[in-house]
Amino acid sequence: MTEQDQHGDGHDRPGDQRQHERARDDRTGQSAAAARIQHQGQWVEQQLRIAFERGDFDDLPGAGKPLEGLGTDHDPDWWVKRLVEREQISVLPPALELRKEDAEMAARLDRITAESEVREEVESFNARVRRARMQLLGGPPVITPERDVDAEVEAWRERRTARVEAQRAALAAQEPEPRPRRWFGRRR
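Cut-offs and rules
Residues numbered from 1 in each chain as written. Predicted model: local features only at pLDDT ≥ 70, side-chain atom pairs only at ≥ 80, totals over all residues. Heavy atoms only, no water. Helix = DSSP H or I, 4+ residues; strand = E, 2+ residues; numbered from the N terminus. Buried < 20%, exposed > 50% of the residue type's maximum accessible area, 1.4 Å probe, protein only. Contact = heavy atoms within 4.5 Å. Areas by Shrake-Rupley, 256 points an atom, 1.4 Å probe, with all protein chains shown as cover. Phe/Tyr/Trp six-rings, centres within 6.5 Å; stacked < 30°, edge-to-face > 60°. Axes fitted to C-alpha atoms, helices over the stretch in contact; angles between N-to-C directions. Parallel < 35°, antiparallel > 145°, perpendicular 65-115°, else oblique. Left-handed = near helix turned anticlockwise from the far one by under 90°. Nonpolar A, V, L, I, M, F, W, Y, C, P; charged D, E, K, R; others polar. Salt bridge = Lys/Arg side-chain N within 4 Å of Asp/Glu carboxyl O.

What follows is about the overall build of the protein. Helices and strands together make up the secondary structure of the protein, namely 8 helices and 0 strands. In the protein, buried positions account for 13% of the 188 residues. When contacts within the protein are restricted to residue pairs at least 6 apart in sequence, those whose partners lie at least 24 apart make up 48%. As presented, the protein carries roughly 16300 Å² of accessible surface, and 52% of it is formed by carbon and sulfur atoms.

Enumeration over the complete set of coordinates arrives at 1 aromatic pair. On the basis of an interplanar angle of 45° and a centroid distance of 4.6 Å, the ring pair of Phe52 and Phe57 is categorised as tilted. Residue class for Phe52 comes out exposed when judged on its relative accessible area of 54%.

Right, let's get into the packing of helix α5 (residues 94-103) against helix α7 (residues 115-134). Two elements in contact, α5 and α7, have axes separated by 10 Å at closest approach and are oriented at 155°. Here α5 is positioned roughly antiparallel relative to α7, judged by the angle of their axes. Considering the relative orientation of α5 and α7, their crossing is left-handed. Residue-level inspection shows Pro94, Leu98, Glu101 and Asp102 of α5 in contact with α7, the latter providing Phe125, Arg128, Val129 and Ala132. Classifying every residue of the contact of α5 with α7 gives 5 nonpolar, no polar and 3 charged.

Let's shift gears to the packing of α7 against helix α8 (residues 149-174). Packing of α7 against α8 leaves a shortest axis separation of 10 Å and a crossing angle of 135°. As summarised for this structure, α7 and α8 are arranged oblique, according to the angle between their axes. Here the hand of the crossing between α7 and α8 comes out right-handed. Between α7 and α8, the contacting residues are Glu115, Val118, Arg119, Val122, Glu123 and Asn126 on the first element and Val149, Asp150, Glu152, Val153, Trp156 and Arg157 on the second. When its residues are assigned to classes, the contact of α7 with α8 shows 5 nonpolar, 1 polar and 6 charged.

We now examine the pattern of salt bridges. Proximity of charged atoms lets side chains of opposite charge pair with each other. With the rule as written, the count across this model stands at 16 salt bridges. The partner of Glu146 in a salt bridge is Arg130, with the nearest N and O atoms 2.8 Å apart. Note that Glu146 is positioned in the loop between α7 and α8 and Arg130 in helix α7, a separation of 16 residues in sequence. Among the residues examined, Arg130 registers a relative accessible area of 37% and is labelled partly exposed. One salt-bridge network, in which partners are shared between bridges, spans Glu115, Arg119, Asp150, Glu154 and Arg157.

So, in structure tokens, the structure goes:
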């Protein structure tokens, strides 16, 4: 009577599995696990061949293009550079970051709809300029001036009014002129 007949289910018991792992191939003297690992490479190759035949690797992104960074010197910080590029992280010194913010201030303020938020944004910018001046970090000096909050709010109002007027003019140009009323279609 075989082991399968004794258990009746055809499944290995935990003790049987350990015994199976310790079993050695009579021809090679290797363990059964080593034999499976040896044949695993053949199995993987077969799966790849089948996938190629099915067309699973057709039209992949980057097909027919050279591999990026191939043939260049190894850069140990490649992943940091890719992260900075992908996430658009700014790594400028504080002085240059403030100059950049200063140049983009009007556009950033124009996206804000409430005057109180405009004031908060300008005050926050001024606080960052003061902090950067007090820190003794390396890099270029902080030459970005603080902004006058009231002047920025007034300029924001003027730009907002100009945008509203331009929108009204554009809408008026798009509207067709009213048609004259016909006298014969009127009811009395």
